[in-house]
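Chain residues, written in single-letter form:
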Amino acid sequence: MQAGIYDRIVVVGPSGSGKTTLARNLSQRLGLIHVELDALHWEANWTEVSSEVMYARTDAALPVDSRWAVDGNYSVVREIVWRRADSILWLDYPLGLALRQLWGRSYRRWRTQEELWNGNRERMIAHLDPRPKHNLFLWTITNFRKRRREYPIILRQPQFSHLHVVRLHSPQETTEWLRSLTINRTSRNEGQASTDD
């Protein structure tokens with residue numbers, strides 16, 4: 001593992017791809033603070049905060065001098081999040097896979113009435129809404145090709161040239177990457193220990 005990366009990680013990808021699960025996993029493995037942008041964005045009763053509030057909350061949650069793993073695709077705070085990050089993990093999974101995982105997650109959350117953010121819970125009725133902004137399945141379908149086209153363009157912009165980009169195309173690839181991260185980290189720590197003797 002290269003020195004100076006994986007201290008401030010952003011995980012992006014379509015809804016249902018497993019961004020939060022991966023970011024949480026990385027925070028545990030690497031000793032990072034985990035920040036879920038959805039938790040900063042949603043107030044009680046599925047009320048969205050303003051762009052100004054979202055920016056202020058994100059700024060406070062991701063100090064430059066701390067180590068963190070953040071998940072989410074919010075373009076309103078992309079500039080601050082990506083500029084402060086050292087690495088981007090892009091879960092570029094097929095749309096069908098993301099939708100299947102999204103359905104499984106939504107059904108599980110609805111069935112168990114799991115609390116999400118600020119008292120919000122999954123509402124299956126929302127997935128019947130014809131407006132993409134209110135229907136996560138339509139939102140995912142609508143934004144899938146757009147994000148796949150725009151991310152490579154955005155990542156070539158000068159202000160993001162410092163980012164170490166890992167583009168993962170399947171859960172199996174992600175699992176292999178995580179395994180290699182653990183092996184490399186263990187090897188690096190053993191090397192440091194032997195140097196200190």
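Residues numbered from 1 in each chain as written. Predicted model: local features only at pLDDT ≥ 70, side-chain atom pairs only at ≥ 80, totals over all residues. Heavy atoms only, no water.

A.B. asks: Quick question: what am I supposed to make of the nonpolar core here?
C.D. replies: Across soluble globular proteins, you tend to see nonpolar side chains buried next to one another. Membership of the largest hydrophobic core comes to 26 residues, with the highest contact counts inside it found for Val 10, Val 70, Val 81 and Trp 82. Counting residues per element, the ones that place at least two in this core are strand S1 (8–12), helix H2 (37–41), strand S5 (68–71), helix H4 (78–84), strand S6 (87–91) and helix H6 (136–155). Apart from the residues within four sequence positions on either side, Val 10 is in contact with Trp 68, Val 70, Val 81, Trp 82, Ala 85, Ser 87, Ile 88 and Leu 89. Of all hydrophobic cores here, the second largest spans 19 residues; its members include Ile 5, Ala 23, Ala 69 and Leu 168. (Core = buried A, V, L, I, M, F, W, Y, C linked by side-chain atoms within 4.5 Å. Buried < 20%, exposed > 50% of the residue type's maximum accessible area, 1.4 Å probe, protein only. Helix = DSSP H or I, 4+ residues; strand = E, 2+ residues; numbered from the N terminus. Contact = heavy atoms within 4.5 Å.)

A.B. asks: Explain the sheet that holds S5 here, please?
C.D. replies: Strand pairing in a sheet is mediated by backbone hydrogen bonds. Such pairs are either parallel or antiparallel. Spatially, S2-S5-S1-S6-S7 is the arrangement adopted by the five strands of the open sheet, whose pairing is parallel. For this open sheet the edge positions go to strand S2 (33–36) and strand S7 (164–168), each flanked by a neighbour on one side alone. On average, each strand axis in the sheet is tilted by 15 degrees relative to the strand beside it, whichever way the strands run. Both S6 and S7 contribute to a ladder of five bridges, which runs parallel. Within the sheet, the bridge partner assigned to Leu 91 lies in S7 and is Leu 168. Sitting on the sheet, H6 touches S1, S6 and S7, and the angle it makes with S6 is about 165 degrees. (Pairing = 2+ DSSP bridges. Axes fitted to C-alpha atoms, helices over the stretch in contact; angles between N-to-C directions.)

A.B. asks: Mind showing me how you'd approach empty space enclosed by the protein here?
C.D. replies: Any empty space left between atoms is shown by rolling a water-sized probe over those atoms. Considering all chains together, one arrives at one cavity of 30 Å³ or more under this definition. Space inside the largest cavity adds up to approximately 50 Å³. As for the largest cavity, its lining consists of Val 10, Leu 37, Gly 72, Asn 73, Tyr 74, Val 77, Arg 78, Val 81, Trp 82 and Tyr 151. Sorting elements by how many residues they give to the lining of the largest cavity places H4 first, with three residues. When its residues are assigned to classes, the lining of the largest cavity shows seven nonpolar, two polar and one charged. (1 Å grid on protein atoms, 1.4 Å probe; cavity = no way out; pocket = protein on both sides within 12 Å on 5 of 7 lines; lining within 4 Å. Points joined across faces, edges and corners; volume = space filled by probe spheres on them. Nonpolar A, V, L, I, M, F, W, Y, C, P; charged D, E, K, R; others polar.)

A.B. asks: I'm lost on the packing of aromatic side chains in this one. Help?
C.D. replies: Each aromatic ring pair is described using two quantities: the centre-to-centre distance and the angle formed by the ring planes. Enumeration over the complete set of coordinates arrives at nine aromatic pairs. Here Trp 42 and Trp 46 contribute two aromatic rings whose centre-to-centre distance is 5.2 Å and whose plane-to-plane angle is 75 degrees, an arrangement assigned as edge-to-face. Here Trp 42 falls in the buried class, since its relative accessible area comes to 17%. With a relative accessible area of 23%, Trp 46 lands in the partly exposed category. Ring geometry for Trp 82 and Phe 160: centres 5.3 Å apart, planes at 70 degrees, overall edge-to-face. Residue Trp 82 is found in helix H4, and its partner Phe 160 is found in the loop between H6 and S7; the two are separated by 78 residues along the sequence. Neither residue differs from the other here; Trp 82 and Phe 160 are each classed as buried. (Phe/Tyr/Trp six-rings, centres within 6.5 Å; stacked < 30°, edge-to-face > 60°.)

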